[in-house]
Amino acid sequence: MMTTTLFDIHPTTASRIDSVDLSNPVFGSVFSDHQFRMDFEGGEWKTGVIEPYADMSISPAAMVFHYGQAIFEGMKAFRQPDGGVALFRPIENIRRFNKSAERMCMPQIDEGVFLSALLELIRIDKHWVPDGDSSCLYIRPFMVATEAHVGVRPSEQYRFMIMTCPVGAYYKGNVRVKVETFFTRAAPGGTGYAKAAGNYAASLKPAAMARDQGYDQILWTDAVEHKYIEESGTMNVMFVLNGKVVSPSLGDTVLSGITRDSVLKIAASKGLDIEERKISVSELKAAVESGALTEAFGVGTAATMTPIESIGFPEGDLSLPPVDTWEVMPMLAHRLDDLRRGKGDDPFGWRVLL
Ligand SMILES: *Cc1c(COP(=O)(O)O)cnc(C)c1O
């Protein structure tokens with residue numbers, strides 16, 4: 001066993017790396033050699049450990065199984081031109097994780113401890129970071145309630161873990177979205193701004209129904225009037241409207257995406273006008289019909305940017321201009337990719353090298 005200043009480290013004696021085709025990993029099914037684990041008990045976090053990735057034993061009464069205190073993050077590490085590895089804006093993920101924890105009555109994690117855990121874990125599994133043009137290491141931190149107790153109240157014990165997966169291109173193709181006017185993703189006063197597991201469980205049925213109707217994804221509208229656009233599936237959404245980059249404003253029903261924030265900042269730096277505001281379904285429909293809307297896309301860490309080729313309104317589907325004629329989204333995607341992969345300078349200070 002090795003000890004760093006902060007964590008215990010039990011390196012694997014049987015790396016699985018030679019059994020994995022890193023040039024073509026399947027998204028989300030291949031896990032790197034190590035995991036980070038840290039338990040909360042008696043009102044404090046115990047010493048964290050980096051250990052071989054493995055199944056774990058947990059009580060059937062663990063409160064996460066019954067009352068759903070579970071939150072997560074999704075972030076990525078990228079191979080740099082000099083062979084190094086950089087995380088992209090990890091502090092933003094750490095802060096959002098603590099916001100999610102606060103909403104779910106779960107304990108905060110010290111930002112420095114969280115960042116050290118990320119850096120140590122990825123250092124030990126550095127050879128798992130693929131170097132393909134569209135590959136990277138996907139990082140999944142999460143926290144669950146582990147106290148064995150039946151009865152609704154916040155758990156007094158938690159487990160925080162980080163696991164990582166080498167991933168290749170996550171290309172969904174162009175998507176057809178359905179404006180959802182019955183189901184809701186997030187209500188005012190609810191948990192929509194948190195990356196809480198239950199939000200995703202609740203979205204599965206509406207998503208499955210949309211797929212049955214021939215759509216790939218849902219364009220969520222507000223829970224009160226179903227009048228304003230909020231997000232697309234599990235991504236934020238952006239529109240190019242009269243040449244401006246427009247995205248629904250944040251609030252407690254829209255998850256504050258780091259990709260969204262990055263893309264808006266890049267767009268502004270390129271001299272594009274950006275607007276964060278309410279966008280109604282009727283404004284969107286009129287803009288598609290008039291040709292004022294030229295591009296629409298989802299933005300999020302997993303897929304980065306997903307072009308929307310058509311929008312299913314209650315009155316019928318409308319197609320956008322062909323994706324291969326778009327100019328704004330490809331330019332923004334290219335710049336974001338360069339910033340993440342260490343190509344060119346980093347005026348925003350977004351890269352954090354291991
Ligand atoms: C994670 C997530 C996003 C995107 O956030 P990023 O920080 O860009 O990955 C958007 N919407 C929802 C609902 C999400 O869970």
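Residues numbered from 1 in each chain as written. Predicted model: local features only at pLDDT ≥ 70, side-chain atom pairs only at ≥ 80, totals over all residues. Heavy atoms only, no water.

This paragraph deals with unusual backbone geometry. Within the chain, Cys 105 stands out as a residue other than glycine whose phi angle is a positive 60°. Checked against the element boundaries, Cys 105 lands in the loop between α2 (90-103) and α3 (111-124). Of note, the phi angle at Thr 304 is positive, near 65°, even though the residue is not glycine. Structurally, Thr 304 can be placed in strand β18 (residues 304-313). (Helix = DSSP H or I, 4+ residues; strand = E, 2+ residues; numbered from the N terminus.)

What follows is about the site of the ligand. In the region of the ligand, 14 residues are neighbours, and Lys 195, Tyr 200, Glu 231, Thr 259 and Thr 301 sit closest. Within the side chain of Arg 96, an N or O atom sits 2.8 Å from an oxygen atom of the ligand. Its free accessible area being 380 Å², the ligand has 96% of it covered by the protein chains. Using a 2 Å cut-off from the grid points, one finds that the ligand occupies the largest pocket. Across the shell around the ligand, the residue classes tally to four nonpolar, six polar and four charged. (Near = heavy atom within 4 Å. Polar contact = N/O pair within 3.5 Å; in protein donor to acceptor, adjacent residues only side chain to side chain. Areas by Shrake-Rupley, 256 points an atom, 1.4 Å probe, with all protein chains shown as cover. 1 Å grid on protein atoms, 1.4 Å probe; cavity = no way out; pocket = protein on both sides within 12 Å on 5 of 7 lines; lining within 4 Å. Sits in = over half its atoms within 2 Å of the grid points. Nonpolar A, V, L, I, M, F, W, Y, C, P; charged D, E, K, R; others polar.)

This part is about the packing of aromatic side chains. Under the definition given, this model contains 13 aromatic pairs. Members of the aromatic cluster, each reached through a chain of ring pairs, are Phe 7, Phe 36, Phe 40, Trp 45, Phe 97, Phe 114, Tyr 158 and Phe 160. (Phe/Tyr/Trp six-rings, centres within 6.5 Å; stacked < 30°, edge-to-face > 60°.)

Before going further, it helps to spend a moment on the layout of surface pockets. A probe as big as a water molecule, rolled over the atoms, marks out the empty space that is left. The volume enclosed by the largest pocket comes to roughly 870 Å³. Around the largest pocket sit 38 residues that line it, and Arg 140, Tyr 170, Tyr 200, Thr 234 and Ala 302 are the ones nearest its centre. Breaking the lining of the largest pocket down by element, the ones donating at least two residues are β9 (136-145), β10 (158-167), α4 (197-212), β12 (217-221), α5 (258-269) and β17 (293-300). Here the lining of the largest pocket takes five residues from α4, the largest share from any one element. Split into classes, the residues belonging to the lining of the largest pocket amount to 18 nonpolar, eleven polar and nine charged. (Points joined across faces, edges and corners; volume = space filled by probe spheres on them.)

Looking at the assigned domains, one finds that the protein contains domain 1 (7-167) and domain 2 (175-340). Distance between the C-alpha centres of domain 1 and domain 2: 28 Å. With 22 residues of domain 1 at the contact, the number on the domain 2 side is 23 residues. Taken together, both faces of the contact between domain 1 and domain 2 bury some 1,800 Å²; the carbon and sulfur share is 59%. Counting the contacts that link domain 1 with domain 2 gives one salt bridge. One salt bridge connects Arg 89 with Asp 261, and the closest N-O pair in it is separated by 2.8 Å. Contributing elements (two or more residues each) for the side of domain 1 that touches domain 2: β6 (70-72), β7 (75-79) and α2. (Domains from an automatic or database assignment. Contact = heavy atoms within 4.5 Å. Buried area = accessible area lost by both parts, 1.4 Å probe. Salt bridge = Lys/Arg side-chain N within 4 Å of Asp/Glu carboxyl O.)

This part takes up the nonpolar core. Where a protein is soluble and globular, its nonpolar side chains tend to be buried together. Counting 95 residues, the largest nonpolar core has Phe 36, Leu 118, Met 143, Phe 160, Ile 162, Phe 297 and Ile 311 as its most contacted members. Two domains share this core, each providing at least three of its residues, namely domain 1 (7-167) and domain 2 (175-340). Excluding anything up to four places from it in sequence, Ile 311 contacts Val 177, Val 179, Leu 219, Leu 284, Val 288, Gly 316, Asp 317, Leu 318 and Leu 320. (Core = buried A, V, L, I, M, F, W, Y, C linked by side-chain atoms within 4.5 Å. Buried < 20%, exposed > 50% of the residue type's maximum accessible area, 1.4 Å probe, protein only.)

Here we take up the pattern of salt bridges. This structure, assessed with the given rule, holds 23 salt bridges. Residues Arg 96 and Glu 73 are paired through a salt bridge, measuring 2.7 Å at the closest nitrogen-oxygen approach. On the criterion of sequence distance, the pair formed by Arg 96 in helix α2 and Glu 73 in the loop between β6 and β7 is long-range, its members being 23 residues apart. Neither residue differs from the other here; Arg 96 and Glu 73 are each classed as buried. The salt bridge partner of Glu 276 is Arg 260, with a shortest N-O separation of 2.8 Å. Placement of the pair is Glu 276 in strand β16 (residues 274-277) and Arg 260 in helix α5, with a sequence separation of 16 residues. Assessed through its relative accessible area of 43%, Glu 276 is described here as partly exposed. When salt bridges with common partners are traced through the structure, they connect Arg 37, Asp 39, Glu 51 and Arg 159 into a single cluster.

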